[in-house]
Amino acid sequence: MSQNAASTTTGDEATTASDTMVKVRDLKTYYDTGGLLSDRPVKAVDGVSFDIKRGETLGLVGESGCGKTTLGRTLIQLEEATDGEVLFDGTDITELRGDQLYEWRRNAQMVFQDPDSSLNDRMTIGEIIREPLDVHDWKTPADRRKRVKSLLDEVGLSPEHYYRYPHQFSGGQRQRIGIARTLALNPEFIVLDEPVSALDVSVQAEIINLLEELQDEFDLTYLFIAHDLSVVRHICDRVAVMYLGNIMEIGPTEELFTDPANPYTHALLSAIPKPDPTASRDRITLHGTPPNPRYPPTGCPFSTRCPVRIRPDEYEGLDDEIWTGINGLREIIRERMRADRSIRERVRERFGLETRFATIDETYDELFGGLAVPDDVERVLSEVTDAAGAHEEREALDRLNAEFGSVCDGVGPDGDGDPVEPEYYEVSDSGRLSYCHRHADEHRETAAVLDDRS
Amino acid sequence: MSTRQRDSTDGLEEPDDDKLLRDRVRENPRPAMVWLAGLAFLLLLEIGRVFAGVGQAFGIVGFTVELLAGIPTSVGDNVAGTLGSAAGFVATAITAVLMAFAVTVPVSASVPDAAVDILGLDLSRRGHRWAKRAELTFVVVAAAGLVAYTPVGGAFSALIGAITGGVDALASSLPSITSRELIPNAGHRLPEGGWEGTFLGLSPAAAWAIRTGLVFAYATTVLVWLWRGFDVYRTHYRLADWTPRDDTVRRFRNNYWGLFGFAIVFLFVVMALWAPAVSPVEAQHNIYEPNSHEFQYLDENGEVTSTTHVFANLDSRSDGQNTIGPMSYDDYNRWAPLGTTNRGQDMMTHLSYGARTSLVIGITAIGLGALIAVVLSLLSSYYKGITDIVTVMASDTIQAVPALLLIMLVSVVFQEANHPIAQPLDGGLLLALIFAFAYWPGMWRSIRGPSLQVSEQEWVDAAKSYGQTPLQTMRKHMAPYIAGYILIYGSLLIGGVIISTAALTFLGLGINPPTPEWGRLIDGGQSYVSTSSWHVATIPGIAIVLVVVAFNALGDAIRDAIDPEADVDESEAAATGGGA
Ligand code: SF4
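Residues numbered from 1 in each chain as written. Chains lettered and ligands numbered in written order. Predicted model: local features only at pLDDT ≥ 70, side-chain atom pairs only at ≥ 80, totals over all residues. Heavy atoms only, no water.

This part is about the overall build of chain A. Within chain A, the secondary structure is distributed over 16 helices and 12 strands. Looking at chain A residue by residue over its 454 residues, the buried ones come to 54%. Considering only contacts within chain A whose residues lie at least 6 apart along the sequence, 65% involve residues at least 24 apart. Only carbon and sulfur atoms are counted for the fraction: they give 47% of the accessible area of chain A, which is about 20300 Å². (Helix = DSSP H or I, 4+ residues; strand = E, 2+ residues; numbered from the N terminus. Buried < 20%, exposed > 50% of the residue type's maximum accessible area, 1.4 Å probe, protein only. Contact = heavy atoms within 4.5 Å. Areas by Shrake-Rupley, 256 points an atom, 1.4 Å probe, with all protein chains shown as cover.)

The following block contains the structure:
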């Protein structure tokens with residue numbers, strides 16, 4: 001049935017391969033967790049676009065908190081999208097309401113991460129798996145019971161488990177029950193939210209194999225969310241790498257793993273222990289933690305931690321440690337800018353008393369103490385710290401960016417105007433995309449720079 | 001505990017566990033029949049009281065319905081007073097429709113869909129739901145209108161009257177094993193010794209002891225029989241061989257402090273339910289209308305004379321000078337197992353009817369408060385955001401007013417106005433409603449954490465992901481987890497309500513005489529504690545302490561029983577103990 005739907009709605013913009021099932025366009029999901037007063041939402045998913053083809057498994061990887069789970073939940077409408085569209089066989093499901101949404105929900109289901117939390121302990125296994133069928137008034141009650149039993153069999157449990165309770169099962173078995181419930185309505189698309197990360201390593205493989213078998217048997221399309229890269233490499237056809245609400249790179253799994261294009265993918269993959277000890281490149285250590293998604297950096301989301309951030313030509317030769325210091329300084333100024341200082345603290349500051357903010361000079365010493373900072377750099381930096389010390393953070397940042405900023409920080413070639421963001425560059429014949437300025441002709445490629453700088 | 005996997009390629013042929021309970025009983029009827037026969041026998045023994053209970057239930061329902069039915073008109077009258085009669089009529093109608101609608105929402109799910117299908121509309125699922133509710137509302141309003149504004153109403157109330165009358169007649173004519181007629185204990189001495197008018201000519205004390213003993217034996221048998229029912233169901237008819245409830249029951253059974261609490265609460269409840277049977281004199285004669293009931297006794301001159309209770313009570317007061325202590329007869333041949341009160345009434349009678357009062361108030365207050373708390377906590381934790389904020393503000397506002405002040409204010413206002421609500425139990429019902437209003441914020445607060453927690457569980461998301469309705473999600477996936485908590489807080493608070501009622505009555509604010517109340521007993525006896533009439537305040541005082549402690553123990557035991565962590569701790573302790 002969905003086959004027909006897809007073919008009748010061709011003629012959409014962009015790629016309309018007939019086998020595209022889900023088309024996500026510029027999707028944004030913001031949370032407003034700040035209560036009534038805060039107007040800055042958490043940008044969990046901040047404008048992503050990709051396609052999922054019928055029958056494939058798309059992996060979604062990234063550190064925790066990068067928005068991958070939110071993205072998955074938005075795709076099945078557990079979360080409301082703030083902007084953008086999710087076309088499911090041509091229908092924008094973010095627009096569905098009421099009955100249409102209810103009907104559509106049959107098509108897309110989710111396997112949850114924590115098998116302890118995803119099954120209601122007060123219900124029998126039979127009741128749990130049956131509930132979707134009851135909700136959708138599927139055939140007769142006797143048929144439903146029959147279906148539940150065949151589902152139990154399908155996921156490797158036995159029909160007499162119908163009257164048992166979740167307490168009586170191990171984590172792996174509970175996950176099987178969760179999978180059976182997901183399958184009850186014959187969905188086409190399933191979001192797997194780290195389905196094995198809560199399980200013992202020994203049962204992870206069983207569940208993965210089960211998922212693969214079921215995919216073949218029922219022609220399922222998976223979005224596989226994970227942070228375990230080896231599992232992703234095993235099961236996924238394509239992978240999307242997410243960072244701070246953005247997709248940094250997306251493409252066929254093997255290619256992406258063997259020849260990553262995006263600096264973030266490089267960093268992520270370098271964290272996997274290499275089987276080959278003679279492998280050329282060292283592990284890339286990322287400084288700091290991902291920025292707060294309420295205040296993402298301007299320009300490239302990865303710019304605060306990127307090991308190959310583009311630097312202005314005149315400072316290309318500057319010591320790496322000084323660069324680390326400059327980046328640190330920028331972060332601290334940004335931090336100071338948005339910290340709301342209470343009146344009391346302002347008063348204390350005025351009288352030179354100690355506040356909970358270290359003075360900018362201390363910070364400076366901490367960052368650059370013991371480094372041989374060239375004179376011209378030092379001059380700029382002292383201007384910056386002076387401005388910051390006078391609480392002119394905006395000015396300090398502008399000064400810093402004017403001197404040391406690059407496209408990565410959103411500073412355009414002409415130095416002002418709206419912040420520029422990277423674009424997606426096609427980095428291989430397979431259509432792999434990477435979100436990084438490094439792929440533009442005028443910059444050197446990531447791998448080369450990594451070798452240089454390490 | 002864990003089970004086999006992939007061991008059942010043959011498991012698909014239908015095993016015979018797909019039958020409904022009815023079929024399973026039909027297949028193996030013996031245990032169920034035996035149990036039912038036992039239950040029927042037990043009910044038959046007390047058939048008179050069963051009907052009396054039914055009659056009382058009718059009365060309560062009737063009163064509630066009347067009260068609710070009065071709301072639209074009183075709203076309408078108020079509006080009519082300020083805006084004119086047309087507006088008043090509209091307000092009456094709107095209130096009535098809204099109330100009818102509120103009634104239909106929870107029940108509409110259990111009405112068959114065919115009710116809407118006959119309309120022949122092509123409706124969406126949501127439209128279908130609303131259509132059904134609208135239809136039911138219409139039916140309710142139409143029925144109410146018929147009763148209120150047409151002659152049908154007269155016939156209807158006549159019918160109700162006939163039924164109630166019939167039930168009452170049955171209640172008084174059918175026998176009960178614990179009835180006063182079967183085992184009378186009110187009689188008088190004979191000049192030549194011995195007793196007249198008592199059961200088998202025994203002394204009133206013995207007759208009363210037999211009857212009271214019988215009451216408790218009977219109640220215990222009923223309890224045992226109910227437990228047997230659970231057991232029979234579990235062993236013969238239940239499909240699951242284990243449910244989480246089994247563990248709860250097992251944990252509760254091993255908790256001796258909780259069992260002690262349960263035992264005391266059981267005694268308290270039995271005393272309240274069988275108050276007419278365990279009281280040595282009839283409350284109607286001794287407390288409510290002592291003027292109009294005569295009885296006979298053997299006076300000092302050795303003659304059988306008759307007098308009214310009001311005079312006898314005057315002579316039997318325990319007020320420091322004069323004392324009828326526990327386990328004694330007064331001068332009028334009346335047996336007083338717990339002595340008399342400072343006003344000469346029988347203490348045991350007072351205590352058992354007072355238990356009734358406390359129980360009714362406690363259950364009404366906590367039941368209503370818990371209902372409000374649960375509904376609001378489900379709504380506010382499911383929808384969060386603005387619903388939550390509004391609930392927080394409402395509960396904070398109520399909690400900002402000191403509960404005692406609130407209770408005193410409201411009860412004075414209603415009692416001065418002589419509002420119909422202030423009449424049942426001489427202010428008891430009013431008190432219960434005020435308690436419910438004052439206590440729900442506390443209960444809501446204490447279950448707010450658990451309900452927020454359960455609303456974060458992935459199974460709630462899962463339910464949403466396959467399109468379960470919010471109402472069903474709350475009922476199936478959230479409410480069962482909150483129920484345990486509300487049971488705990490309810491049983492802890494019920495002690496508080498009982499003690500507050502007593503305290504208010506002690507202060508002269510709560511329940512007016514003649515309705516028996518423990519607080520008034522304590523108040524009446526407090527000045528005689530150091531005299532020979534010490535028992536007047538001491539006995540009800542001890543009773544209150546016992547009951548409150550027992551309810552607390554019960555609440556704690558329930559908490560331990562439903563908390564699976566308790567089990568983990570046990571097994572862990574066992575494991576480490578074994579390892580060390
Ligand atoms: S755009 Fe710049 S900061 Fe972002 S990943 Fe590429 S090189 Fe790094």
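Picking up after the structure, the text goes on.
What follows concerns a nonpolar patch on the surface. Residues and elements named next belong to chain B. Taken together, L43, V50, V54, F58, L159 and I163 make up a surface patch of nonpolar side chains, about 460 Å² in accessible area. Where the nonpolar patch is concerned, the elements lending two or more residues are helix 3 (47–83) and helix 7 (151–173). When residues in the nonpolar patch are grouped by element, the largest group, 3 residues, is from helix 3. Within the secondary structure, F58 is located in helix 3. (Patch = residues over 30% accessible without salt bridge, like charges linked within 9 Å, V, L, I, M, F, W, Y side chains within 5 Å. Salt bridge = Lys/Arg side-chain N within 4 Å of Asp/Glu carboxyl O.)

Time to look at the packing of helix 10 (residues 256–273) of chain B against helix 21 (residues 535–562) of chain B. Helix packing for two helices is described by the angle between their axes and how far apart those axes are. All names here are of chain B. Orientation of helix 10 relative to helix 21, taken along the N-to-C sense of each, is 130°, at an axis distance of 7 Å. Considering the angle they form, helix 10 stands oblique to helix 21. The handedness of the crossing between helix 10 and helix 21 is left-handed. Seen from helix 10, the contacting residues are W257, G258, F260, G261, F262, I264, V265 and F268; seen from helix 21, they are L546, V547, V549, A550, F551, A553, L554 and A557. In terms of residue class, the contact of helix 10 with helix 21 is built from 14 nonpolar, 2 polar and no charged. (Axes fitted to C-alpha atoms, helices over the stretch in contact; angles between N-to-C directions. Parallel < 35°, antiparallel > 145°, perpendicular 65-115°, else oblique. Left-handed = near helix turned anticlockwise from the far one by under 90°. Nonpolar A, V, L, I, M, F, W, Y, C, P; charged D, E, K, R; others polar.)

Let us look at the site of the ligand. Looking at the ligand, the residues that line it are A:P263, A:C300, A:F302, A:S303, A:C306, A:V308, A:R309, A:C408, A:C436, A:H437 and A:R438. Looking at the shell around the ligand residue by residue, the classes come out as 7 nonpolar, 2 polar and 2 charged. (Near = heavy atom within 4 Å.)

Looking now at the confidence of the model for chain A. A low pLDDT score tells you not to read the predicted coordinates there in detail. Per-chain confidence: chain A averages 84 in pLDDT, with 87% of residues scoring 70 or above. For the stretch residues 1–17 of chain A, pLDDT sits under 50, and the model shows 19 contacts to residues farther than four places along the chain or on other chains. (pLDDT = per-residue confidence, 0-100.)

This next bit is on the environment of A:A396. Along the chain, A:A396 falls in helix 15 (residues 393–404). A C-alpha to C-alpha distance of 9.9 Å links A:A396 and A:V380, two positions 16 residues apart in sequence.

What follows is about the interface of chain B and chain A. Taken together, the contact between chain B and chain A spans 38 residues of the former and 50 residues of the latter. When chain B packs against chain A, the two sides together hide about 4100 Å² of surface, and 49% of this comes from carbon and sulfur. The interface formed by chain B and chain A holds 2 salt bridges in total. Breaking the side of chain B that touches chain A down by element, the ones donating at least two residues are helix 6 (125–149), helix 18 (458–465) and helix 19 (470–506) of chain B. In terms of residue count, the dominant contributor to the side of chain B that touches chain A is helix 18 of chain B (6 residues). (Buried area = accessible area lost by both parts, 1.4 Å probe.)

This part covers the pairing of strand 2 (residues 42–53) of chain A. Residues and elements named next belong to chain A. Burial analysis of strand 2 places 9 of its 12 residues in the buried class, the great majority of the element. Inspection of the sheet shows strand 1 (residues 20–31) paired to strand 2 by 9 bridges, in the antiparallel sense. Its bridge partner being in strand 2, Y31 is matched across the sheet by V42. (Pairing = 2+ DSSP bridges.)

All names here are of chain A. Taken in spatial order, the 8 strands line up as 6-7-8-3-9-10-12-11 in an open sheet, and their pairing is mixed. Looking along the sheet, the strands with just one partner apiece sit at the ends: strand 6 (108–111) and strand 11 (424–426). Going from strand to strand, the sheet's axes swing by 20° on average, the running direction of each strand aside. Two strands pair when backbone bridges link them, and strand 9 (residues 238–243) and strand 10 (residues 246–252) are joined in this way by 6 bridges, in the antiparallel orientation.

Another point: the pairing of strand 9 of chain A. Residues and elements named next belong to chain A. For strand 9, the tally of buried residues reaches 6 of 6 residues, placing the bulk of the element in the interior. Neither face of strand 9 is open: one carries R238, A240 and M242, the other V239, V241 and Y243, and all of them are buried. By the bridge criterion, 4 bridges tie strand 3 (residues 57–61) to strand 9 in an arrangement that is parallel. By the bridge assignment for strand 9, L58 is matched with R238. Joining the antiparallel neighbours strand 9 and strand 10 is a turn of 2 residues, in which L244 adopts a positive phi near 50°.

The full count for this structure, using the stated rule, is 39 salt bridges over all chains. Salt bridges sharing partners connect three or more residues here, namely A:R130, A:D134, A:D137 and A:R144.

Here we come to the sheet that holds strand 5 (residues 91–92) of chain A. The strands making up a sheet are joined through hydrogen bonds of the backbone, oriented either antiparallel or parallel. With antiparallel pairing, the 4 strands of this open sheet are ordered in space as 2-1-4-5 (chain A). Each edge of the open sheet is held by one strand with a lone partner, namely strand 2 and strand 5 of chain A.

Grouped together as the largest cluster of nonpolar side chains are 100 residues, with contacts concentrated most on A:F50, A:L75 and A:F189. Every residue in contact with A:F50, bar those within four places of it in the chain, is listed here: A:V22, A:K23, A:V24, A:R25, A:L58, A:L71, A:L75, A:I247 and A:I250. Core analysis: the next-biggest nonpolar cluster, separate from the first, contains 79 residues, B:L42, B:W335, B:I421 and B:F551 among them. (Core = buried A, V, L, I, M, F, W, Y, C linked by side-chain atoms within 4.5 Å.)

With that settled, consider unusual backbone geometry. Residue B:P514 is reached from B:P513 by a cis peptide bond, and omega for that bond is 10°. Topologically, B:P514 is positioned in the loop between helix 19 and helix 20 (518–525). The backbone phi angle of A:D219 is positive, close to 50°, even though this residue is not glycine. Within the element layout of this structure, A:D219 appears in the loop between helix 7 (201–218) and strand 8 (221–226). With relative accessibility at 60%, the residue A:D219 sits in the exposed group. Although it is not a glycine, B:D426 sits at a positive phi angle of roughly 50°. You can see B:D426 is positioned in the loop between helix 16 (403–417) and helix 17 (428–455). Classification of B:D426 as partly exposed rests on a relative accessible area of 23%.

All names here are of chain B. Between helix 3 and helix 4 (residues 85–108), the least distance of the axes is 7 Å, while the angle of their chain directions is 150°. Between helix 3 and helix 4, the interaxial angle falls into the category roughly antiparallel. Note on packing geometry: the crossing formed by helix 3 with helix 4 is right-handed. Along the contact surface, helix 3 presents L68, I71, P72, T73, V75, G76, V79, A80 and L83, while helix 4 presents S85, A87, G88, A91, T92, T95, A96 and M99.

Further remarks concern the packing of aromatic side chains. Tallied over the full model, the rule gives 27 aromatic pairs over all chains. Ring centres of A:W323 and A:F404 lie 5.9 Å apart, and the angle between their planes is 85°; on these two criteria the pair is classed as edge-to-face. Of the two residues, A:W323 sits in helix 11 (residues 320–338) while A:F404 sits in helix 15, which places them 81 residues apart along the sequence. The pair A:W323 / A:F404 is uniform in exposure class, with both members buried. The interplanar angle of 70° and the centroid separation of 6.5 Å between the aromatic rings of B:F295 and B:Y332 together place this pair among those described as edge-to-face. Here B:Y332 lies in the loop between strand 5 (328–329) and strand 6 (335–336) and B:F295 lies in strand 3 (residues 294–298), a separation of 37 residues in the sequence. Residue B:F295 is classed as buried on the basis of its relative accessible area of 15%. Each member of the aromatic cluster is reached from another via a ring pair, and the members are A:F88, A:W104 and A:F189. (Phe/Tyr/Trp six-rings, centres within 6.5 Å; stacked < 30°, edge-to-face > 60°.)

Turning our eyes to something else, we now look at helix 15 (residues 385–400) of chain B. Each turn of an α-helix holds 3.6 residues, which means side chains three or four residues apart point in the same direction. Residues and elements named next belong to chain B. Taking 1.5 Å as the rise per residue, helix 15 with 16 residues should run 22 Å; its terminal C-alpha atoms sit 22 Å apart, in good agreement. Buried within helix 15 we find D388, T391, S395 and I398. Projected onto a plane normal to the axis of helix 15, the buried residues spread over an arc of 100° and lie on a single side. For helix 15, the exposed residues set more than 90 degrees away from the buried face come down to I386, M393, T397 and A400. (Expected span 1.5 Å × (residues − 1). Arc of directions from axis to C-beta.)

Residue and element names in this part refer to chain A. Together, D361, E362, D365, E366 and D386 give the surface a local cluster of negative charge. Relative to the assigned elements, D386 resides in helix 14 (residues 375–389). Among the residues examined, D386 registers a relative accessible area of 53% and is labelled exposed. (Lys, Arg positive; Asp, Glu negative; His and termini not counted. Charge placed at Lys NZ, Arg CZ, Asp CG, Glu CD.)

An ideal rise of 1.5 Å per residue puts 54 Å on 37 residues; helix 14 (residues 347–383) of chain B measures up with 52 Å between its terminal C-alpha atoms. Trailing helix 14 of chain B by a residue or two, B:K384 shows a phi angle of about 50°, which is positive.

Our focus in this paragraph is the environment of A:E206. All names here are of chain A. With respect to the helices and strands, the residue E206 is situated in helix 7. Distance from E206 to I129, taken between C-alpha atoms, is 20 Å for residues 77 residues apart in sequence. One polar contact links E206 to R176, side chain to side chain, over a distance of 2.9 Å. (Polar contact = N/O pair within 3.5 Å; in protein donor to acceptor, adjacent residues only side chain to side chain.)

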